[in-house]
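Coordinate analysis (summary)
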Amino acid sequence: MRFACLGSGSQGNSLVIEVARTRLLLDCGFTLKEVIARLSRLGLHPDMLDGIVITHEHGDHISGVEQLARRFNVPVWLTYGTMRGAKRTFSMLPRINIIDSHQRFSIGDIEIEPYPVPHDAHEPTQFIFSDGAFRLGVLTDTGCSTTHIETVLSRCHALVLECNHDAQLLASSNYPQSLKQRIGGRLGHLENTISAKLLANLDCSLLQHLIAAHLSKINNTPILAQSALSSTINCDLDWIGVADQSTGFDWRQLI
Ligand SMILES: [Zn+2]
Ligand SMILES: [Zn+2]
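Residues numbered from 1 in each chain as written. Chains lettered and ligands numbered in written order. Predicted model: local features only at pLDDT ≥ 70, side-chain atom pairs only at ≥ 80, totals over all residues. Heavy atoms only, no water.

1. A few points about the layout of surface pockets
Looking at the largest pocket, its volume works out to about 300 Å³. In this structure, the largest pocket is lined by 20 residues; those nearest its centre are Ser10, Asn164, Tyr175, Ile183 and His214. Sort the elements by how many residues they give to the lining of the largest pocket and helix α8 (residues 177-184) lands first, with three residues. Class assignment for the residues of the lining of the largest pocket results in five nonpolar, 11 polar and four charged. Approximately 150 Å³ is the volume attributed to the second largest pocket. The wall of the second largest pocket is formed by Ser8, Gly9, Leu215, Ser216, Lys217, Asn220, Thr221, Pro222, Val242, Ala243, Asp244 and Gln245. Split by residue class, the lining of the second largest pocket holds four nonpolar, six polar and two charged. (1 Å grid on protein atoms, 1.4 Å probe; cavity = no way out; pocket = protein on both sides within 12 Å on 5 of 7 lines; lining within 4 Å. Points joined across faces, edges and corners; volume = space filled by probe spheres on them. Helix = DSSP H or I, 4+ residues; strand = E, 2+ residues; numbered from the N terminus. Nonpolar A, V, L, I, M, F, W, Y, C, P; charged D, E, K, R; others polar.)

Structure below.
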């Protein structure tokens, strides 16, 4: 099992998960041209995709889904709420699969465990991907932690964890007050120290990879995110990966 990222942040998100001959995208917030270019950096082409799994209907996660799914006939999996939240995008797609945010399902060789999260979308859902032996947990676009989140993310072998902003940088930014409240609120995005606290509550004994994701370009820096997480689990700063907006991150293997 291996995974990689096409890019992460408010300008677009997409993760690739591969188990044996099955390949999925989690979200697609890039134009078709961009997706093709970014997939080719990983040695992939859209023809090689077996599905697109969607977390929620915000543009940075779905803006490229319709074009990609139609042009390459890729099926899409999403909750009913997410479909309702972006009817125009999803009503045109012939191969839609509705999922329950508490019900496991599988696509080819990949087992998928969805879980609901607090975020300002219709039915925001995040996921654990598994090949039956290893577990990759993904959590972005979440305003705060919940007991359920911490239960499902424990004992993962890899984690892609949102570190959206630093509280002080957000407070001193020139964002309008309403936007600051939205981002920092319980249905917004995870602040570095909140992500670190969440991580501290997980069983990390199996963890092989930890990647900070969905960083704000203005209200965060890779070093701030890495130091918040590394001090929690006592590892070197450099051991924590950072998913970049333009380059994502290269393949990471679970062994
Ligand atoms: Zn987002
Ligand atoms: Zn969002």
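2. Considerations on the packing of aromatic side chains
Taken as a whole, this structure holds two aromatic pairs when the rule is applied. Taking 5.8 Å as the distance between ring centres and 85° as the angle between the ring planes, the aromatic pair formed by Phe3 and Phe249 counts as edge-to-face. Here Phe249 lies in strand β14 (residues 249-253) and Phe3 lies in strand β1 (residues 2-7), a separation of 246 residues in the sequence. According to the relative accessible area criterion, Phe3 is buried, its value standing at 0%. In this structure Phe249 comes out as buried when scored by relative accessible area, which is 9%. Between Phe127 and Phe129 the ring centres are 6.0 Å apart and the planes differ by 35°, which places this aromatic pair in the tilted class. (Phe/Tyr/Trp six-rings, centres within 6.5 Å; stacked < 30°, edge-to-face > 60°. Buried < 20%, exposed > 50% of the residue type's maximum accessible area, 1.4 Å probe, protein only.)

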